[in-house]
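Fold and geometry: a report
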Amino acid sequence: MSKKVQSQSLVSTEWAANHLNDPTIRFLDVGWDAAEFESEHIPGAVAGWGFADIKRSDTQDLPDQKQLEAMLSQAGIANQHTVVIYGGLNNLIAVMAFWLFKIYGHAEVRLLDGGRQKWLAEGRPLLADKPLIQSTSYTAKQPDWSLRANKEFILAGLDQPGIQIVDARPVDMYTGETLMGIARGGHIPGAVNLPATRIVDGTGNFAGWQHIMTNPDGTFKPVSEMLEILHSKGIDPGKTIITYCVRGGLSTLLWFALTQLLNYPSVREYDNSWAEWGNLPDLPAEK
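Residues numbered from 1 in each chain as written. Predicted model: local features only at pLDDT ≥ 70, side-chain atom pairs only at ≥ 80, totals over all residues. Heavy atoms only, no water.

With that settled, consider the overall build of the protein. Counting secondary structure elements, the protein contains twelve helices and eleven strands. Taken along the three principal axes of its C-alpha coordinates, the protein extends 50 × 40 × 40 Å. Across the 287 residues of the protein, 53% fall into the buried class. A separation threshold of at least 6 residues defines the contact pool for the protein, and within that pool the share at least 24 residues apart is 74%. Carbon and sulfur atoms make up 50% of the accessible area of the protein, which totals about 12,800 Å². Charge centroids of the protein, computed over 24 positive and 32 negative side chains, lie 3 Å from each other. (Helix = DSSP H or I, 4+ residues; strand = E, 2+ residues; numbered from the N terminus. Buried < 20%, exposed > 50% of the residue type's maximum accessible area, 1.4 Å probe, protein only. Contact = heavy atoms within 4.5 Å. Areas by Shrake-Rupley, 256 points an atom, 1.4 Å probe, with all protein chains shown as cover. Lys, Arg positive; Asp, Glu negative; His and termini not counted. Charge placed at Lys NZ, Arg CZ, Asp CG, Glu CD.)

Scanning all chains against the criterion turns up twelve salt bridges. Residue Asp58 pairs with Arg56 through a salt bridge whose shortest N-O separation is 3.5 Å. For the salt bridge of Lys151 with Glu152, the shortest nitrogen-to-oxygen distance reads 3.1 Å. Among the charged side chains, a network of salt bridges with common partners joins Lys55, Asp61, Arg148 and Asp271. (Salt bridge = Lys/Arg side-chain N within 4 Å of Asp/Glu carboxyl O.)

Below, the structure is given as structure tokens:
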């Protein structure tokens, strides 16, 4: 396997800059909320989604097929478009949108390597214009729930040798020292920790997460480095891997690395993550 990341699912900022006026491509800005998109976005970006669009604020679940079709139609995205997704927070929420597109079978979807952070660092343009959107009639495929895990699936697999659970939270959350507003600390029994680390600004305030699979500029590490990390933790591509974190961002980024960059064949993202598991006292936990 090449040491460099080579994947149809990942595009560079240079590639994106060269395709800003490509009529077959739609850029989608996905952050914690739509504020960054409304302030400034990559030229031609068609919409700004937030976490509440992916985990709907009314149900705390993913959009159903009809809801997703309406979201994409309103954004002027058609089935034949290549969608390039990017965002702030090192693509933390953007990658959840990528996963959602995959669940509903969109044929051509990409993640911008490094996201908004790298685009800005390179001095590339951002605009505040409101795009003129021509709505479409998007038709989603039936959802592929083999990409997702729920608590019932995890409970059934806790003692199964073919299941491996991976926790993408920082070490202090994994061990239960830090609760992050959740009722219980600790981790799902048997989970292996691939920890993220906190990024702080010059005044010591929290500024984001450094994912174990990415470089400081938000781009993914070389394949050889990612594989070395996974092998050191005993992450087995022959098993069904379940990824989770606090609310799904860090773990979906890990799901992306495993499935889209490293070709792990069976990976499920537990998007409800510890925010659900840690708040349900009847579910088992370890520290």
